[in-house]
Amino acid sequence: MRALIGIILIFMAGCTLAEVKVEVMSERTALENQVLGTYNALDREMLLVASVRGVDSRGRIKPPPKHSQEHKDAVTAMQALSFHADDLLTFKQLGWVGENNTGLVEIFQMDKEDVPESLKDFAERFKPEEFEYVLSQINKSRELVMHRVIDMNENLTEDDMPQIRRIFGKLNTENARPGEKIQRPDGTWTVKK
């Protein structure tokens, strides 16, 4: 019996507890995940609008599906954001704009002096009026999308707009590339590393 207990003790001494792995899934809040899901749904809707056929299998013209004006405005806003994405990226590379902490693009000085050679033609092409117009269209579209996120979620109201703005600000700064200007939650500006 003592030999059996000794063998069991030796066997148990060689055993260890199972390794426990702790994984942090996401630091996003439920509200951030809800907003991001709604934004992605809008993005998918924009793609569907672009791919809808105008005729049925027999070649007859089909009427477009009925949507609310708010839906149409949001899809148009998503299309505008997509259309201006390349210009916005270049504006950021030039340091002319940055992502603020309220989900909008902030305008900085349009400095055309220290422009990299590869961006000189682009920088010379944009006049201040056109630059400001493009950015106003981007910010207007972002505002529309933020309001649509609220409209599409029954748990959100216009009172939640400050939180929605912070979430979009956070998402935009997370997606910013190194070297781009971003605004911290405390309001100070930095260049993303």
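Everything that follows concerns the structure shown earlier in this document.
Every value quoted in this text rests on a predicted model; they were computed, and no experiment measured them. (Residues numbered from 1 in each chain as written. Predicted model: local features only at pLDDT ≥ 70, side-chain atom pairs only at ≥ 80, totals over all residues. Heavy atoms only, no water.)

Checked against the element boundaries, Val145 lands in helix α6 (residues 128-152). For Val145, a relative accessible area of 1% corresponds to the buried category. When the C-alpha positions of Val145 and His71 are compared, they lie 9.7 Å apart, and in sequence the two are 74 residues distant. (Helix = DSSP H or I, 4+ residues; strand = E, 2+ residues; numbered from the N terminus. Buried < 20%, exposed > 50% of the residue type's maximum accessible area, 1.4 Å probe, protein only.)

Among the nonpolar cores identified, the biggest contains 31 residues, and Phe91, Trp96, Val97 and Leu135 are the most heavily contacted of them. Within the residue set of this core, elements represented by two or more residues are α3 (69-83), α4 (85-94), α5 (120-125), α6 and α7 (161-175). Counting residues per element, this core draws most heavily on α6, which supplies 8 residues. Excluding residues within four positions of it along the chain, Trp96 makes contact with Phe91, Glu106, Ile107, Phe108, Gln109, Met110, Asp111, Lys112, Ala123, Phe126 and Phe131. (Core = buried A, V, L, I, M, F, W, Y, C linked by side-chain atoms within 4.5 Å. Contact = heavy atoms within 4.5 Å.)

Relative orientation of the contacting elements α3 and α6 amounts to 140°, with a least axis distance of 9 Å. On the basis of the axis angle, α3 is oblique to α6. In this structure, α3 meets α6 at a crossing whose hand is left-handed. Along the contact surface, α3 presents Glu70, His71, Asp73, Ala74, Ala77, Met78, Ala80 and Leu81, while α6 presents Ile138, Ser141, Arg142, Leu144, Val145, Arg148 and Asp151. Looking at the contact of α3 with α6 residue by residue, the class counts come to 8 nonpolar, 2 polar and 5 charged. (Axes fitted to C-alpha atoms, helices over the stretch in contact; angles between N-to-C directions. Parallel < 35°, antiparallel > 145°, perpendicular 65-115°, else oblique. Left-handed = near helix turned anticlockwise from the far one by under 90°. Nonpolar A, V, L, I, M, F, W, Y, C, P; charged D, E, K, R; others polar.)

Okay, the packing of aromatic side chains next. If you walk through the whole model with that rule in mind, you get 7 aromatic pairs. For the pair Phe91 and Phe126, a centre-to-centre distance of 5.0 Å together with 80° between the ring planes defines the contact as edge-to-face. Residue Phe91 is located in helix α4, and its partner Phe126 is located in the loop between α5 and α6; the two are separated by 35 residues in the primary sequence. Per residue, the accessibility class of Phe91 equals that of Phe126, and both read buried. For the ring pair Phe122 and Phe126, a centre distance of 4.8 Å and an interplane angle of 45° mean the geometry is tilted. Aromatic rings pair up to connect Phe91, Trp96, Phe122, Phe126 and Phe131 into one cluster. Lying across the ring of Phe108, Lys181 places its NZ or CZ 4.2 Å from the centre. (Phe/Tyr/Trp six-rings, centres within 6.5 Å; stacked < 30°, edge-to-face > 60°. Lys NZ or Arg CZ within 6 Å of the ring centre and 35° of its normal.)

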